[in-house]
There are 2 protein chains.
Amino acid sequence: MAKILIIEDEKSIQRLIEYDLKQLGYDVDSAFDGYEGYKKASKTFYDAILLDLMLPSMNGMDICKKLRTEGNISYIIMLTAVDDEYSKIQGFDLGADDYITKPFSPRELAARLKAGLRRQASSTKKDVLQYYDIKIIRSSYEVYKADIRIKLTLKEFELLTYLVVNKGQALSRNQLLTNLWGFSYDGDSRVVDVHIYNLRDKLDPKADYLKTVRGIGYKLI
Amino acid sequence: MAKILIIEDEKSIQRLIEYDLKQLGYDVDSAFDGYEGYKKASKTFYDAILLDLMLPSMNGMDICKKLRTEGNISYIIMLTAVDDEYSKIQGFDLGADDYITKPFSPRELAARLKAGLRRQASSTKKDVLQYYDIKIIRSSYEVYKADIRIKLTLKEFELLTYLVVNKGQALSRNQLLTNLWGFSYDGDSRVVDVHIYNLRDKLDPKADYLKTVRGIGYKLI
DNA sequence: TGGATATGTTAAGATTTTGTTAAGATATTT
DNA sequence: AAATATCTTAACAAAATCTTAACATATCCA
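Some remarks on the side chain of B:Lys219
Okay, so step 1: In this structure, B:Lys219 sits in strand β12 (residues 217-220).
Okay, so step 2: A polar side-chain atom of B:Lys219 sits 2.9 Å from the main-chain carbonyl oxygen of A:Ser140.
Okay, so step 3: At 3.2 Å, the side chain of B:Lys219 forms a polar contact with the side chain of A:Glu142.
Okay, so step 4: Aside from chain neighbours lying at most four places away, what touches B:Lys219 is A:Ser140, A:Glu142, A:Arg149, B:Leu163, B:Gly168, B:Gln169, B:Ala170, B:Tyr209, B:Leu210, B:Lys211 and B:Val213.

Thoughts on the protein's contact with DNA strand D
Okay, so step 1: Neighbouring DNA strand D are 21 residues, the closest being A:Thr153, A:Trp181, A:Val191, B:Thr153 and B:Lys155.
Okay, so step 2: Close to the protein, within 4 Å, the atoms of DNA strand D belong to sugar or phosphate groups at a rate of 72%.
Okay, so step 3: With respect to DNA strand D, the side chain of A:Thr153 contributes an N or O atom lying 2.6 Å from a phosphate oxygen.
Okay, so step 4: Between DNA strand D and the protein, one listed contact pairs a phosphate oxygen with a side-chain N or O atom of B:Trp181 at 3.0 Å.
Okay, so step 5: Sorting the residues of the surface near DNA strand D by element identifies α8 (191-203) of chain A together with α6 (154-165) and α8 (191-203) of chain B as the ones contributing at least two each.
Okay, so step 6: Across the surface near DNA strand D, the residue classes break down as nine nonpolar, six polar and six charged.

Looking at the sheet that holds strand β1 (residues 3-7) of chain B
All names here are of chain B.
Okay, so step 1: Strand order in this open sheet of five strands is β2-β1-β3-β4-β5, and the pairing throughout is parallel. The open sheet has two edge strands, β2 (27-31) and β5 (98-101), and neither has a second partner. Geometrically, the sheet is characterised by an average inter-axis angle of 20 degrees between neighbouring strands, direction not taken into account.
Okay, so step 2: Relative to strand β3 (residues 48-52), β1 is paired through four bridges, and the arrangement is parallel. Its bridge partner lying in β3, Ile-7 is registered against Leu-51.
Okay, so step 3: Seen against the sheet, helix α2 (residues 34-43) touches β1, β2 and β3 and runs at an angle of roughly 140 degrees to β2.

Section: the side chain of A:Glu8
All names here are of chain A.
Okay, so step 1: With respect to the helices, strands and loops of the structure, Glu-8 is situated in the loop between β1 (3-7) and α1 (11-23).
Okay, so step 2: A distance of 3.0 Å separates a polar atom in the side chain of Glu-8 from the backbone nitrogen of Glu-10.
Okay, so step 3: Glu-8 has contacts with Ile-13, Gln-14, Ala-31, Phe-32, Asp-52, Leu-55, Leu-79 and Lys-102, leaving out every residue within four places of it along the chain.

A look at the interface of chain B and chain A
Okay, so step 1: Facing the 19 residues of chain B at the interface are 17 residues of chain A.
Okay, so step 2: At the boundary of chain B with chain A, total buried surface from both sides reaches about 1,500 Å², with 53% on carbon and sulfur atoms.
Okay, so step 3: Looking at the side of chain B facing chain A, the largest losses of area belong to B:Leu16, B:Tyr19 and B:Arg107, adding up to 32% of the total buried there.
Okay, so step 4: At the surface where chain B touches chain A, the tally comes to one salt bridge.
Okay, so step 5: B:Lys219 is the partner of A:Glu142 in a salt bridge, and the nearest nitrogen-oxygen pair spans 3.2 Å.
Okay, so step 6: At the boundary of chain B and chain A, one finds three residue pairs in polar contact (both at pLDDT 80 or more).
Okay, so step 7: Secondary-structure elements contributing two or more residues to the side of chain B that touches chain A are α1 (11-23) and α5 (106-122) of chain B.
Okay, so step 8: Counting residues per element, the side of chain B that touches chain A draws most heavily on α1(B), at four residues.
Okay, so step 9: Of the residues belonging to the side of chain B that touches chain A, the class tally is eight nonpolar, five polar and six charged.

Calculation rules
- Residues numbered from 1 in each chain as written.
- Chains lettered and ligands numbered in written order.
- Predicted model: local features only at pLDDT ≥ 70, side-chain atom pairs only at ≥ 80, totals over all residues.
- Heavy atoms only, no water.
- Helix = DSSP H or I, 4+ residues; strand = E, 2+ residues; numbered from the N terminus.
- Polar contact = N/O pair within 3.5 Å; in protein donor to acceptor, adjacent residues only side chain to side chain.
- Contact = heavy atoms within 4.5 Å.
- Near = heavy atom within 4 Å.
- Nonpolar A, V, L, I, M, F, W, Y, C, P; charged D, E, K, R; others polar.
- Pairing = 2+ DSSP bridges.
- Axes fitted to C-alpha atoms, helices over the stretch in contact; angles between N-to-C directions.
- Buried area = accessible area lost by both parts, 1.4 Å probe.
- Salt bridge = Lys/Arg side-chain N within 4 Å of Asp/Glu carboxyl O.

Laid out in structure tokens, this is it:
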């Protein structure tokens, strides 16, 4: 089921929404201040993000803008008490997909969320993926690190893309083999390790966002 | 920048779209009923037209049909609240290029518009295509490199045209075979490779804008 | 601590993919 | 029908990439 992130500091509202969405079968996660929410959203992929406008430590608009700049494609719904046209327009401008004014009925939220997610699902796959300063352009098979082109082989490219798409998750060697090689090797192939090594080498020998998960496989934090 | 015409009678929606598109740098014009919209569209050229289905004085379908009959080639996106397959099909049938259901997110509209305009600009009925110092004249099947005529065979011509229209994208052998040969070969034909080789040879043996994307196919950078 | 297990690192050679050439097949023109 | 042009195939050469295997190093757990 779809993963939803609620970024809302008012506990009463947050609890209500979380309860409701869980009842509807969504996989719900919450953050209670702006920065925490931003970190969560940029680390893990959520199908949708419910984003309060007024938040401690980092406001909704900034979070939205920053996420979009990083290539985040979650369906973002802004929650706010401010019902004026100005902030509504500004919200859209910064990349929100929908906008809902407090107080709202749970039914309305659910309906909009459902509609949004449906649209999301049908909308085309993103061509450009961004992970910090790494940019992946799928249609041309190009990768840039801080705007400098990095030449990757096909397997490296596929591996990196898969890691970025599933960022935050630990991916087992078997999962990688199955999804990128097309079948699972008999247990103990070291192919993945070698490609990971080469990828680390090409991307940045010093950086350590490509973590080893001992006993499992690898993940991008 | 591209000129866009919005034909929409609901002021709130019209204002929102207009604001957004202007923010994105488009040159926006609006009409508030069907007949006014039709007159504007047939008098002035717009790169794209956002056309509401339900309008006073002349409905969207009729406008679309009439414009197409007159040879209008603007990129037409239909806006409608009616989310049934029937009117969607009919919309396309009458010559709409895309179709978007209300309520839609401005981001989605912007994305579709951008994609549509890009398609419009590069591929459609342009007779002369230019790629650096290479000029392709489709109607006469002539190719010039720095104003010097280069004689290409038909397949070479088609291949080059396809590459130029889709420049930047890596094109798989299968995609090329399907689109230029009309069917996909059983996996491992080398026809494409040979034509690419000849094309490189004729265009400029030294230049390397026609890149090999190992494991995939070819692309023009 | 020290052996066991997992991962990092390297490089050779196996494999796959593409470049290149030319001959034969097919289509077009004379 | 012959001549010509174009396309496709096949074969070998060249290059890039992938995989394996081996050793080094790190981490875990008794």
